[in-house]
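Summary of structural features
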Amino acid sequence: MSLAPKLAFRNLFHDRLRLIATVIGIVFSIVLVTVQMGLYVSFERMVTVMIDHADADLWIVPRGTKCFEDPSLLDERERFRALSVAGVASAAPLVIGFAQWRTPSGGNTPIFMIGSDPRGAGLEPWNVVEGRADALAIPGAVAIDRSYFDRLETTRVGEYAEIGDQRVQVLAITNGIRSFTTTPYVFSSIERARAYTGTAANKASYFLVRVTPGANVMQVRDSLRARLPDTEVLTTAEFRERSANFWMFGTGAGFALFAGAMLGLIVGTVIVAQTLYSSTKDHLNEFATLRAIGSSGGYIHKVIIFQALLSALIGFCLASVIGWIVVLATADTALPVVITPLMTAALLVLTVLMCVVSAVAAIMKVTRIDPAMVFTR
Amino acid sequence: MTEPVIEAIDAVKFLGEGAGRVQALKGVSLAVGGGELTLLMGPSGSGKTTLLSILGCMLTPTSGTVRVGGRATADAGPEELAKIRRENIGFVFQSYHLFPTLNALDNVRLALDVRGENSHRAMQKSKEALARVGLALKMASYPSELSGGEQQRVAIARAIVSNPAILLADEPTAALDSENGHAIMEVLAEIAREQSRGVLVVTHDPRIVPFSDRIVSIEDGKIIGDKRPADGEARADKSGTAAAERTDKPSRKDRKRKP
């Protein structure tokens, strides 16, 4: 095996203090990037979670709708028009809107109602851990998420509360259906949701369209657009993208997370570059000796790149451990940090890139080295 | 002298810039052949190290020609010069310049590694080189665990392991006591004698004169003397200093007669 990796390893571990400083720099940077990216992914998932779980090929939405939580209304007549279009198998109404939850102790807390037909296509609660989703067909039945037990002062199936002065009973409990706004999602039948949110019986927030088997979704979408000129018809992917773009970029939240990640990268690059440069300067005599005994520039660059890669690997491993601790610590919070396998791979590539880019200054320094300096030192 | 392995012809070198610009070499010509140990002697600032750097392809002359193995180096860029160095020249430095984080064997192996030599073969050659300089039992030792003399032997092993045509040594005994200095010069003389390599040693040290085949004197950037000690005029023995004081002209033949 070539001695270049060994020399790089020894150079790196020869000065433990500098190595620690380098690794801390990398870890700090990568953890910062991980957290920001993790929040970004988590936020993106959360803002589209309802769209992702809805049983729909196409969404008929009020014109100008920016995101799922946009509480505008459509008329039922649009649904019947939609049903007359070839290729449409069903068009399930969905009602969303804010309401007030009165806790058993008499307090009030805002909630976000989601009502669909429990017997048909729509948006049913998922991850039900207690009770049954189809129990929402029972008048007054609601489903809540266990992460909001404290807010709603309700902890088990069968308990009663009030929404807008109407008595409700919790008949299903879900796990992990959280809102990034921290306002609890509460599921009910569409009729009850209309009642709780003050929506007229002939109105709905969305119509969730299923196309007939074999029908071309895009063609059906275009037909619906032609048939329903006062609404917008979007595929699930289009609505998802619109919703995500609104929250991520329309509100500036995504930019803030992205900027945080960039800041982490810049800080990390500067720290690693500084330590690699200083390490190279300290070993300049050795690099000059290498040059004097006939080493090519490429060989010396290889040593420095190996140093950078070793630093990256050590830093990444430690940052990964810390990252997973952060993931576990935030798992039950309103906005958990999410790390996906793809993100882990991307972070590894990013760490390596960052460290290699950081080595450029050191390489430039060593490229200008005068081998004759070995005679004067 | 055999065909020159390395030569400078009318080499001129200016160092520094502006008001600090000085002429370190003023038209120096020097050729070193294989199988002889040449001493380059002169006071500080005489241009010894500049000449050594130019002959070693680390500096390029302002004017004049340098040839290594018959090839002119004038148009060579830094990478080409590095290639000439690794294929033709071995270096021994005053302060050894060993890598403190590598053991003796790896320090020697490094000279072959930069040539891209096969790892197994490089290991074998490095062991042989270390054995040749008497360090067969110290291969695993780190520089900090070796005496100055031993470190210089490792440096010599590193210089000869790639089988260069010429060895350039810069004050190889300056940091050593007389016993170790003597031992190092014996090794260098042996390399010149037995392996027919050219060895050029820059030195201030009169104690090593008895080991030379040729003494070149330089002063103010000019060569002022170039002599070959005549046979029988001196002998290098264990107390080479005394011999050197009697005369500065020991011969290689004399050294061969040494017990």
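Residues numbered from 1 in each chain as written. Chains lettered and ligands numbered in written order. Predicted model: local features only at pLDDT ≥ 70, side-chain atom pairs only at ≥ 80, totals over all residues. Heavy atoms only, no water.

**With respect to the sheet that holds strand 2 (residues 22-33) of chain B**
All names here are of chain B. Where we set the bar: Two strands are said to pair when DSSP picks up at least two bridges between them. Think of it this way: any DSSP run of H or I at least four residues long counts as a helix, any run of E at least two long counts as a strand, and we number them from the N terminus.
Read across the sheet, 4 strands follow the order 2-1-4-5 without closing on themselves; strand pairing throughout is antiparallel. Either end of the sheet is taken by a strand with one partner, and the two such strands are strand 2 and strand 5 (71-72). Two strands pair when backbone bridges link them, and strand 1 (residues 4-15) and strand 4 (residues 63-68) are joined in this way by 5 bridges, in the antiparallel orientation. The residue of strand 4 that forms the bridge with Glu 7 is Arg 67.

**A closer look at the pattern of salt bridges**
Note the cut-off: In what follows, salt bridge is the name for a side-chain nitrogen of Lys or Arg lying within 4 Å of a carboxyl oxygen of Asp or Glu. Three exposure classes are used, based on accessible area relative to the maximum for each residue type with a 1.4 Å probe and protein chains only: buried under 20%, partly exposed in between, and exposed over 50%.
With the rule as written, the count across this model stands at 28 salt bridges over all chains. Where Asp 106 of chain B meets Lys 6 of chain A, a salt bridge forms, and the shortest distance between an N and an O atom there is 2.4 Å. With Asp 106 of chain B in helix 3 (residues 104-113) and Lys 6 of chain A in helix 1 (residues 3-14), this pair bridges two chains. Overall, Asp 106 of chain B belongs to the buried group, its relative accessible area being 3%. Classification of Lys 6 of chain A as partly exposed rests on a relative accessible area of 27%. With its nearest N and O atoms 2.9 Å apart, the salt bridge here joins Glu 80 of chain B to Arg 71 of chain B. Look at Glu 80 of chain B and you get partly exposed, because its relative accessible area is 30%. With a relative accessible area of 38%, Arg 71 of chain B lands in the partly exposed category. Several salt bridges share partner residues, and in doing so they unite Arg 221, Asp 222, Arg 225 and Glu 238 of chain A into one network.

**Some remarks on the sheet that holds strand 6 (residues 89-92) of chain B**
Residue and element names in this part refer to chain B. Counted only if it meets this: Under this scheme, a helix contributes an axis fitted over its contacting stretch, all axes are lines through C-alpha atoms, and angles between N-to-C directions fall in the 0 to 180 degree range.
Taken in spatial order, the 6 strands make up an open sheet running 6-7-8-3-9-10, and their pairing is mixed. Whereas interior strands pair on both sides, the edge strands pair on one side only; in this sheet they are strand 6 and strand 10 (222-227). On average, each strand axis in the sheet is inclined to that of its neighbour by 20°, with strand direction left out of account. Two elements, strand 9 (residues 214-219) and strand 10, share 5 bridges in a ladder whose sense is antiparallel. Its bridge partner being in strand 10, Ser 217 is matched across the sheet by Gly 225.

**Here's the deal with the packing of helix 5 (residues 148-160) of chain B against helix 6 (residues 178-195) of chain B**
Residue and element names in this part refer to chain B. The criterion, for reference: Angle categories: roughly parallel below 35 degrees, roughly antiparallel above 145, roughly perpendicular from 65 to 115, and oblique for all the rest. Should the near helix be turned counterclockwise from the far one by less than a right angle, the crossing is left-handed, whereas a clockwise turn marks it as right-handed. Note on contacts: a residue pair qualifies if any of its non-hydrogen atoms lie within 4.5 Å across the two residues. All amino acids are sorted into three groups, where Ala, Val, Leu, Ile, Met, Phe, Trp, Tyr, Cys and Pro are nonpolar, Asp, Glu, Lys and Arg are charged, and the leftover types, Gly among them, are polar.
Contact geometry of helix 5 with helix 6 gives a least axis separation of 9 Å together with a crossing angle of 15°. Here helix 5 lies roughly parallel to helix 6, going by the angle between them. Our pair here, helix 5 against helix 6, has a crossing hand that is right-handed. Within the contact between the two elements, helix 5 uses Gly 149, Gln 152, Arg 153, Ile 156 and Ile 160 and helix 6 uses Asn 180, Ala 183, Ile 184, Val 187, Leu 188 and Ile 191. Looking at the contact of helix 5 with helix 6 residue by residue, the classes come out as 7 nonpolar, 3 polar and 1 charged.

**Section: the pairing of strand 3 (residues 88-102) of chain A**
All names here are of chain A. Bridging between strand 3 and strand 11 (residues 206-211) involves 6 bridges; their strand directions are antiparallel. The partner of Ala 92 across the bridge, within strand 11, is Leu 208. In terms of strand pairing, strand 3 meets strand 4 (residues 108-116) through 9 bridges, oriented antiparallel. Counted as the bridge partner of Trp 101 is Thr 109 from strand 4. Linkage of strand 3 to strand 4, two consecutive antiparallel strands, is achieved through a turn of 5 residues, within which Gly 106 is found at a positive phi near 100°.

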